[in-house]
Amino acid sequence: PVQARLKGRPEHGYELAQYTLTPQSVEVSGPRGAVQELTSADTEEVDITGVREDFSLTVPLLQDNPLVRYPREASVLFRGVVRPAQVIQGFEEVDVISVDLASELRIAETLPKGSISLQGEQLGLEAIPPGQLRLIADCSAVRRPGVYRLALKPDVPPGFVALRFEPQELTATVVADPRAGGRP
């Protein structure tokens, strides 16, 4: 089989997702011992430094043993598929907020900070500004003061997947908010 020798790295935020070589195998000639030692026919180096889109190029086969020849092909076609790099990134100190709590009520304690682990395109994850990620406690079912276990859900921009988040729930003491004129 033919194997590509890759050099360098794609542009930051991109990855070589896959590549193909045409042909995938080549005929080899030379002394039996030299030919039997071959496990693959390598290409000259394919420099992928800074690439950010699909590309094709003709690459010569490496002629590192003068006794071995490739009688039919001197080169192969390399086709590279480049995609935005998909990564997983953790975010700490994420705000936990409550939504839909009746105006005459408030949560007595300070809500904790949380953490979220997201998967998505590297450049997109790096561009998320501080404070954009949140964990949301839906308080729409809370009607009166008391102690409640509230499930949290991550609020993340479109195009990203929340793989993990902590805490997943919290216990909150809901009290009447005297500033709103509410009664217990």
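Thresholds applied
Residues numbered from 1 in each chain as written. Predicted model: local features only at pLDDT ≥ 70, side-chain atom pairs only at ≥ 80, totals over all residues. Heavy atoms only, no water. Core = buried A, V, L, I, M, F, W, Y, C linked by side-chain atoms within 4.5 Å. Buried < 20%, exposed > 50% of the residue type's maximum accessible area, 1.4 Å probe, protein only. Helix = DSSP H or I, 4+ residues; strand = E, 2+ residues; numbered from the N terminus. Contact = heavy atoms within 4.5 Å. Pairing = 2+ DSSP bridges. Axes fitted to C-alpha atoms, helices over the stretch in contact; angles between N-to-C directions. Patch = residues over 30% accessible without salt bridge, like charges linked within 9 Å, V, L, I, M, F, W, Y side chains within 5 Å. Areas by Shrake-Rupley, 256 points an atom, 1.4 Å probe, with all protein chains shown as cover. Salt bridge = Lys/Arg side-chain N within 4 Å of Asp/Glu carboxyl O. Phe/Tyr/Trp six-rings, centres within 6.5 Å; stacked < 30°, edge-to-face > 60°.

*Asks:* Before we move on, can you summarise the nonpolar core with the specific residues and values?
*Replies:* One broad trend across soluble globular proteins is that nonpolar side chains are buried collectively. Membership of the largest hydrophobic core comes to 21 residues, with the highest contact counts inside it found for Leu118 and Leu150. Among the secondary structure elements, those contributing two or more residues to this core are β6 (86–99), β7 (105–107), β8 (114–121), β9 (134–138), β10 (146–155) and β12 (169–176). With 17 residues, the next largest nonpolar core counts Leu16, Val51, Leu61 and Val82 among its residues.

*Asks:* Summarise the side chain of Ser115; cite the residues concerned and give the values.
*Replies:* Position of Ser115 relative to the elements: it lies in strand β8. The contacts of Ser115, once residues within four sequence positions are left out, are Phe91, Glu92, Val94, Leu135, Arg164, Phe165 and Glu166.

*Asks:* I'd love a proper account of the sheet that holds β9, names of residues and values included.
*Replies:* The seven strands lie next to each other as β7-β12-β10-β9-β6-β8-β11, forming an open sheet whose pairing is mixed. Taken across any chain shown, the strands that pair with only one partner, and hence form the sheet edges, are β7 and β11 (161–166). Strand-to-strand twist of the sheet, defined as the mean angle between neighbouring strand axes without regard to direction, takes the value 40°. For β9 and β10, the ladder comprises four bridges, and the chain directions are antiparallel. Paired with Leu135 across the strands is Pro154, a residue of β10.

*Asks:* Talk me through the side chain of Ser29; I want residue IDs and the actual numbers.
*Replies:* Tracing the backbone through its elements, the reader meets Ser29 in the loop between β2 (14–22) and α1 (32–37). Setting aside residues up to four positions removed in sequence, Ser29 forms contacts with Val35, Leu67, Val68, Arg69 and Pro71.

*Asks:* Just give me the short version of the pairing of β9, but keep the residues and values in it.
*Replies:* Relative to β9, β6 runs parallel, the two sharing five bridges. Of the residues in β9, the one forming a bridge with Ser98 is Ala137.

*Asks:* So what's going on with the sheet that holds strand β4 (residues 55–60)? Residues and values would help.
*Replies:* Within the open sheet, the three strands sit side by side as β2-β5-β4. Their pairing is antiparallel. Sheet topology places β2 and β4 at the edges, where each strand pairs with a single neighbour. Across the sheet, the mean angle separating the axes of adjacent strands is 30° when strand polarity is ignored. Direction of pairing for β4 relative to strand β5 (residues 75–84): antiparallel, over a ladder of six bridges. Counted as the bridge partner of Pro60 is Ser75 from β5.

*Asks:* Any chance you could break down a nonpolar patch on the surface for me, citing the residues and the numbers?
*Replies:* Residues Ile88, Val161 and Leu163 make up a contiguous nonpolar surface patch of about 260 Å² in total accessible area. Since its relative accessible area comes to 46%, Val161 is described here as partly exposed.

*Asks:* Can you lay out the packing of aromatic side chains for me, pointing to particular residues and giving the numbers?
*Replies:* The final tally for this structure, using the stated rule, is two aromatic pairs. Judged by centre distance (5.0 Å) and plane angle (20°), the rings of Tyr19 and Phe78 are stacked. Separated by 59 residues along the polypeptide, Tyr19 in strand β2 and Phe78 in strand β5 bring together distant segments of the chain. Given the relative accessible area of 35%, Tyr19 is considered partly exposed. The exposure class assigned to Phe78 is buried, which follows from its relative accessible area of 0%. The rings of Tyr19, Phe55 and Phe78 are connected pair by pair, giving a single aromatic cluster.

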